[in-house]
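For reference, the chains in residue letters:
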Amino acid sequence: MVVWQPYRAALNLAKTRGGVENLLRIFERKPRTHLRILNAQPFLNNRRLLTMGSINCKEYKTTGSTPKKEKSTGNTGGAVGSYQSKCSNQSNQSNQSPSTTMSTEASSPDAEYTGAVNVELNVADLKENEMRQVDFDEDTRVLVVKQNDRLLAVGAKCTHYGAPLQTGALGLGRVRCPWHGACFNLENGDIEDFPGLDSLPCYRVEVGNQGQVLLRAKRSDLANNKRLKNMVKRKPDDQRVFIVVGGGPSGAVAVETLRQEGFTGRLIFVCREEYLPYDRVKISKAMSLEIEQLRFRDEDFYREYDIELWQGVAAERLDTAQKELHCSNGYVVKYDKIYLATGCSAFRPPIPGVNLQNVRTVRELADTKAILASISAESRVVCLGSSFIALEAAAGLVAKVQSVTVVGRENVPLKAAFGAEIGQRVLQLFEDNKVVMRMQSGISEILGDDEGRVREVVLLDGSRLPCDLLILGTGSKLNTQFLAKSGVKVNRNGSVDVTDFLESNVPDVYVGGDIANAHIHGLAHDRVNIGHYQLAQYHGRVAAINMCGGVKKLEAVPFFFTLIFGKGIRYAGHGSYKEVIVDGSLEEFKFVAYFVNEADTVTAVASCGRDPVVAQFAELISQGKCLGRGQIEDPATRQDWTRKLGEPLPQVR
């Protein structure tokens, strides 16, 4: 037994006079933060207690450090562990590991936590690196994980769309959502990669004398499966001003993270749209959704945390010399630091007639409202482009109108992203669902009636299609025009080069989301400009941490997803490829596709109906590991690489 002074005498006394209960009474008179017991097994009367939880759940205060496991002598007890349930602000300790110490609160519930619940799981039944979903009560599911011979427990559902995390990818100290790649820290439940906003609730774990796993839940977490990290509010004496420009997913994460990281100055959130920040990904997949079903937070949330919402306001000019932002509402605001995440706008190609009525794009909520208002059961819809946006719009409208025709430049849709073989199967899927596919074509002219509404489109071969609504899925342009003469270097395509900490060439000007030309985790050595929803949210978090004085480097793996006619396709990675190796059945939409480059390295993985393999690949790359052709050539051993997720990187000498 090893303890810190001045408690050796007290400990010896407790061993002879009353055991551990007497010991605790003695220690209650001393400051416990100085107590460290490495092995209290001889005094526990065969009772084992392992308590884990989150230091970011508003009331945790850690004490001590994790002890090494020691063999018990003549006793079946285990180590003691607990968090002190004190109301203290410890959000800045989110990177610390839970401690294993003794506490009087360990064996008795407090007002914040429920009593211990037996979840019908024995610790002996859990293998190393195994995840198990258990029922805490009839409405609450919990994910219990055994890793490094420790038990951890967090909410069982991803906070994004509710995917079961038990079927996700288990990494080193975190779990990744099988559907869309969001990552959660198993120590504290915090969200570390996106999509999503909220973190997971945490549970205290105890092991009874028969090995039964017992859980205690924070009562406030039982209402839902999400947890909001600690956020501060504005302090009047903090004169700093931070501005976040762009009401998309990147800006929404940035303003929350700034408050979570302790920024107490004035925080202005400039949003060009009239709506509160919302989940833009859904609008092309489910056009009938209202803003109440799409928005990230309500007005009360932003008001509670003193986030000034400037809705319907755009950035018009940035003066970095004076540190001023000129806005469309006539205001000129001085800033100390600014984050630019202005995203992109839909591109309208220079086709004659492109400005006729009922020629629409799908980028914002106002676009989908206009589309739905203009269609009827007799409408004839044409979608120009075979991109994700055009295809999702076509799939969403075909059951609502008389006809939908997709006009695409390539011979199959999504060829650039997925290759010809998968593209051919997607083509067949659309045709099976009564969408007319006019591939290797384009539109040369858009014809209208006397009232200025589109009536026909002329294809490249001269043929004509009747058209009451034309949807343009023809790409986008980056919203960086306001940066002209600002001193911020803008590339020819409108993107902005940033450091690995998302700072531009001008100090205190941070840039992220679609407009950032940034490094990613993986094989790409050069900066890349990628317009992914997940990556945009991740940028918002990284930028905010660095704006607050932290040091957070970009380490994200690009991950995107689409849903067409009920088929969810996931994709992770980035890079050119020379070959696509398909495992499974394209016909049944149950496959994994490995994209292999000239160096026989897998640059990306796509799948449908084969979760969580794409999430596993994203986790592999995030750990600094890679996947080669030799590991996937043999169908019998093609999935063996997933075992590498639980292995540490080899040491480099």
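**Student:** Kindly report on the overall build of the protein chain, identifying the contributing residues and their values.
**Tutor:** Check the secondary structure of the protein chain and you find eleven helices and 37 strands. Considering the protein chain as a whole, with its 653 residues, one finds that 56% of them fall into the buried category. For the protein chain, the share of sequence-separated contacts (at least 6 apart) that also reach a separation of at least 24 residues comes to 62%.

**Student:** Hey, could you go over the environment of Phe-565 for me, with residue numbers and the actual values?
**Tutor:** Within the secondary structure layout, Phe-565 lies in the loop between β33 (559-564) and β34 (567-573). The class for Phe-565 is partly exposed, based on a relative accessible area of 23%. In the structure, Phe-565 is positioned 132 residues away from Asn-433 in sequence and 8.1 Å away in space, judged by C-alpha atoms. Setting aside its immediate chain neighbours within four residues, Phe-565 contacts Ala-395, Val-398, Leu-429, Phe-430, Asn-433 and Val-435.

**Student:** Outline the pairing of β33, listing residues and values.
**Tutor:** The buried fraction of β33 amounts to five of the six residues, a majority that puts the element mostly inside the structure. Pairing between β33 and β34: six bridges, direction antiparallel. Paired with Phe-560 across the two strands is Tyr-571, which belongs to β34. Hairpin remark: β33 followed by β34, antiparallel, with two residues in the connecting loop; positive phi at Phe-565, about 50 degrees.

**Student:** I'd like a rundown of helix α9 (residues 420-432), residues and numbers included.
**Tutor:** Between its terminal C-alpha atoms α9 stretches 18 Å, which fits the 18 Å expected from 13 residues at 1.5 Å a residue. Residues of α9 that are buried: Ile-422, Gly-423, Arg-425, Val-426, Leu-427, Leu-429 and Phe-430. On its buried face, α9 sits against α7 (388-397), α8 (415-418), β24 (436-438), β33, β34 and β36 (590-596). One or two residues past the end of α9 sits Lys-434, with phi positive at roughly 70 degrees.

**Student:** Residues and numbers for the environment of Leu-502, please.
**Tutor:** On the secondary structure map, Leu-502 appears in the loop between β30 (496-497) and β31 (509-511). According to the relative accessible area criterion, Leu-502 is buried, its value standing at 0%. Each C-alpha atom of the pair Leu-502 and Gly-540 lies 9.3 Å from the other, and the pair is 38 residues apart in sequence. Discounting residues that sit within four places of it in the chain, Leu-502 has contacts with Val-509, Tyr-510, Val-511, Ala-518, His-539, Val-542, Ala-543 and Leu-554.

**Student:** A description of the sheet that holds β31 should follow, citing residues and the corresponding values.
**Tutor:** Spatially, the five strands line up as an open sheet ordered β15-β14-β13-β19-β31, and their pairing is parallel. The open sheet has two edge strands, β15 (307-311) and β31, and neither has a second partner. Adjacent strand axes in the sheet meet at a mean angle of 15 degrees when their direction is disregarded. Across four bridges, strand β13 (residues 241-245) lies against strand β19 (residues 337-340) in parallel orientation. For Phe-242, the partnering residue across the bridge sits in β19 and is Lys-337. Taken strand by strand, helix α3 (residues 249-260) contacts β13, β14 (266-271), β15 and β19, and its axis lies near 170 degrees from that of β14. Along the sheet face, helix α10 (residues 533-547) touches β13, β19 and β31 and points at about 170 degrees away from the line of β19.

**Student:** Residue-level account of the sheet that holds strand β11 (residues 203-207), with values.
**Tutor:** Reading across from one edge, β3-β12-β11 is the order of the three strands in this open sheet, with antiparallel pairing throughout. One side of each edge strand has no neighbouring strand; the edge strands of this open sheet are β3 (117-122) and β11. Within the sheet, the average angular offset between the axes of one strand and its neighbour, ignoring direction, is 30 degrees. Pairing analysis gives five bridges linking β11 to strand β12 (residues 212-217), with the strands arranged antiparallel. Within β12, the residue paired with Tyr-203 across the bridge is Ala-217.

**Student:** Please give an account of the nonpolar core that cites residues and values.
**Tutor:** Ranked by size, the top nonpolar core spans 83 residues in total, and within it Ile-243, Leu-318, Leu-325, Ile-338, Leu-340 and Val-509 carry the most contacts. The residues touching Leu-318, leaving out its near neighbours within four places in the chain, are Glu-324, Leu-325, Tyr-335, Ile-338, Leu-340, Phe-482, Leu-483, Ser-486, Val-488 and Val-509. Counting 42 residues, the second-largest nonpolar core is a separate cluster that includes Ile-371, Val-412, Val-435 and Phe-591.

**Student:** I'd love a proper account of the pattern of salt bridges, names of residues and values included.
**Tutor:** What the rule picks out here adds up to 39 salt bridges. Note that Arg-438 is salt-bridged to Asp-461, the shortest N-O span being 3.7 Å. Of the two residues, Arg-438 sits in strand β24 while Asp-461 sits in the loop between β26 (454-459) and β27 (464-466), which places them 23 residues apart along the sequence. Judged by its relative accessible area of 27%, Arg-438 is partly exposed. By relative accessible area, Asp-461 is classed as exposed at 55%. Between Arg-455 and Asp-468 there is a salt bridge, with the nearest N and O atoms lying 3.3 Å from each other. Of this pair, Arg-455 sits in strand β26 while Asp-468 sits in the loop between β27 and β28 (469-472), and the two are 13 residues apart along the sequence. For Arg-455, a relative accessible area of 32% corresponds to the partly exposed category. The class of Asp-468 is buried, set by a relative accessible area of 14%. Look at the salt bridges and you will find they share partners, linking Arg-380, Asp-449, Glu-451, Arg-453, Arg-455 and Asp-468 into a network.

Thresholds, definitions, all that
- Residues numbered from 1 in each chain as written.
- Predicted model: local features only at pLDDT ≥ 70, side-chain atom pairs only at ≥ 80, totals over all residues.
- Heavy atoms only, no water.
- Helix = DSSP H or I, 4+ residues; strand = E, 2+ residues; numbered from the N terminus.
- Buried < 20%, exposed > 50% of the residue type's maximum accessible area, 1.4 Å probe, protein only.
- Contact = heavy atoms within 4.5 Å.
- Pairing = 2+ DSSP bridges.
- Expected span 1.5 Å × (residues − 1).
- Axes fitted to C-alpha atoms, helices over the stretch in contact; angles between N-to-C directions.
- Core = buried A, V, L, I, M, F, W, Y, C linked by side-chain atoms within 4.5 Å.
- Salt bridge = Lys/Arg side-chain N within 4 Å of Asp/Glu carboxyl O.

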